[in-house]
Amino acid sequence: MAGRFANAGNCLESMDSLATGNSRKNKVMAETAHKVPRLMKELEFYIQHQTELVEKYRGRFLVIVGEDVVGDYTTRHEAYWESRDRFPLGTFLIQLCMPGEDNYIKTFHHHVKV
C-alpha cells in the first residue's frame with residue numbers, strides 16, 4: 001500500500017478512513033495507526049517553524065524534543081548517537097532541515113500479511 005501524508009495528523013485521518021472498508025487488513029492497519037502519534041508534537045513544531053529553522057539550520061539534522069531544538073548535526077548518524085545518550089529512545093525527532101514540504105512528506109510502500 002502506498003500513502004502520501006502531509007503530517008502525522010493527516011496520516012491518522014487517512015488510516016481512520018480505511019476502517020470504513022470491510023477488509024480485515026484495513027481494520028488492522030487503522031487500529032495500528034493510533035499507536036503512531038508519539039512524535040506528532042515534534043513534527044508539528046518543525047512544520048510550523050520550518051521557514052525560520054531553515055534560515056538558521058539549513059542542511060543540518062535537527063534533534064527536536066517537544067517544541068525545542070536540542071541539537072543540530074551534520075549527519076543523521078551523529079544526531080542519533082549523540083541524542084540516544086541524552087534522551088530515551090522514542091522521545092526525540094531527528095529531522096533534516098530543508099525547505100519545502102517534500103522534506104517531511106514521505107511515501108511508504110509495504111506489504112501486510114494478515
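So, the pairing of strand 2 (residues 61–65)
Item 1. Across the five residues that make up strand 2, a large majority, four, are buried.
Item 2. Pairing of strand 2 with strand 3 (residues 68–73), which is carried by five bridges, proceeds in the antiparallel orientation. Looking at strand 3, one finds that L62 is bridged to D72.
Item 3. As consecutive antiparallel partners, strand 2 and strand 3 are separated by two residues, and within that stretch G66 has a phi angle of approximately 60°, a positive value.
Item 4. Where strand 2 lies against strand 4 (residues 93–96), four bridges are found, and the strand directions are antiparallel. Note on strand 4: the bridge partner recorded for I64 is L93.

Regarding the sheet that holds strand 4
Each strand in a sheet pairs with another by means of backbone hydrogen bonds, the pair being arranged parallel or else antiparallel.
Item 1. Strand order across the open sheet formed by three strands is 3-2-4, with antiparallel pairing between neighbours. The sheet is open, and its two edges are formed by strand 3 and strand 4, each paired on a single side. Recorded for the sheet is a direction-independent mean angle of 30° between the axes of neighbouring strands.
Item 2. The strands touched by helix 5 (residues 76–86) are strand 2, strand 3 and strand 4; relative to strand 3, the strand with the most contacts, the crossing angle is about 130°.

A short note on the packing of aromatic side chains
Item 1. For the structure shown, the criterion picks out two aromatic pairs.
Item 2. Here the aromatic rings of Y80 and W81 are separated by 5.1 Å at their centres, their planes lie at 80°, and the arrangement is edge-to-face.
Item 3. The interplanar angle of 50° and the centroid separation of 6.3 Å between the aromatic rings of F87 and F92 together place this pair among those described as tilted.
Item 4. Under the relative-accessibility criterion, F92 is labelled buried at 8%.

What counts, and at which threshold
Residues numbered from 1 in each chain as written. Predicted model: local features only at pLDDT ≥ 70, side-chain atom pairs only at ≥ 80, totals over all residues. Heavy atoms only, no water. Buried < 20%, exposed > 50% of the residue type's maximum accessible area, 1.4 Å probe, protein only. Helix = DSSP H or I, 4+ residues; strand = E, 2+ residues; numbered from the N terminus. Pairing = 2+ DSSP bridges. Axes fitted to C-alpha atoms, helices over the stretch in contact; angles between N-to-C directions. Contact = heavy atoms within 4.5 Å. Phe/Tyr/Trp six-rings, centres within 6.5 Å; stacked < 30°, edge-to-face > 60°.

Keep in mind that these numbers describe shape and distance, not what the molecule does.
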